[in-house]
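Below are the chains, spelled out letter by letter.
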Amino acid sequence: MHPHAPIRKLLKSCSTEQIHHGLRAVTPAIAATLLDGIQRREGALVLNKTFSSGRRALPWRTYAVLHLLALAGEAAAETRAALTTVRLEWQHPTADPLDLSPLLHLPALRSLSLHNAAEVSTLPGLSLTSLAVSGATKLEMPAILTPRLRRLNLSDMAIVPSCLPAELSALRLTGCTGLSDLQSLPALVERSLRTRPNP
């Protein structure tokens, strides 16, 4: 049996509660062991055999690995420094709030894609240049719209923020409601809108 089999089983769960239960028992040494074989390809994570999975479980496994990277300390410093892209795309809305604070440990992170994340804690301090949010995701937008943001893609969102970065060069809205404040957007961004508002 794998020496960390009980922890590994919890971390491979498709449940935020179970994943965090497993994380509470993880030391930096255990995190480094579980991350053995994790690779990067073009700035994105490539999961090892422990966490590789089918499409349904992939966002949960990626979520767990992001937390392990933050817990592993110096053993994962090189991987954290090399990640520029994170995709957390659930097929169905998640039932529990997500803690995405490990993203703050990725200094090179520039692109983030969230789909069907039911509730996400505020993410201050991210220097994103590209953000895609869709599905049932609830995100405190003003806190994540950093001055460096250049591309913003929102789909099926109930609220679209009007206080957008002045340097935003590409904005795509699809199936969004709550668009009454669009007249306050910068002219360059407003001309690039391609919206299909919900009835």
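Refer to the structure presented above.
If you're wondering where the values come from, they're calculated on a predicted model, not measured in any experiment.

A closer look at the environment of Arg41
Line of reasoning, step 1. Along the polypeptide, Arg41 turns up in strand β1 (residues 39-41).
Line of reasoning, step 2. Residues Arg41 and Leu83 lie 42 residues apart in sequence; the distance between their C-alpha atoms is 8.9 Å.

Re the packing of aromatic side chains
Line of reasoning, step 1. Overall, the coordinates contain one aromatic pair when judged by the stated rule.
Line of reasoning, step 2. A ring pair is formed by Trp60 and Trp90, whose centres lie 5.4 Å apart and whose planes are at 75 degrees; its orientation type is edge-to-face. Here the residue Trp60 occupies a position in helix α4 (residues 58-71), and Trp90 occupies one in the loop between β3 (85-89) and β4 (111-115), the gap between them amounting to 30 residues. Across this residue pair, the class does not change: Trp60 and Trp90 are buried.

A look at unusual backbone geometry
Line of reasoning, step 1. At Glu42, a position not held by glycine, the phi torsion is positive, near 55 degrees.
Line of reasoning, step 2. Relative to the assigned elements, Glu42 resides in the loop between β1 and β2 (44-46).
Line of reasoning, step 3. Phi is positive for Asn116, close to 60 degrees, though the residue is something other than glycine.

Here is what the cut-offs are and how they apply
Residues numbered from 1 in each chain as written. Predicted model: local features only at pLDDT ≥ 70, side-chain atom pairs only at ≥ 80, totals over all residues. Heavy atoms only, no water. Helix = DSSP H or I, 4+ residues; strand = E, 2+ residues; numbered from the N terminus. Phe/Tyr/Trp six-rings, centres within 6.5 Å; stacked < 30°, edge-to-face > 60°. Buried < 20%, exposed > 50% of the residue type's maximum accessible area, 1.4 Å probe, protein only.

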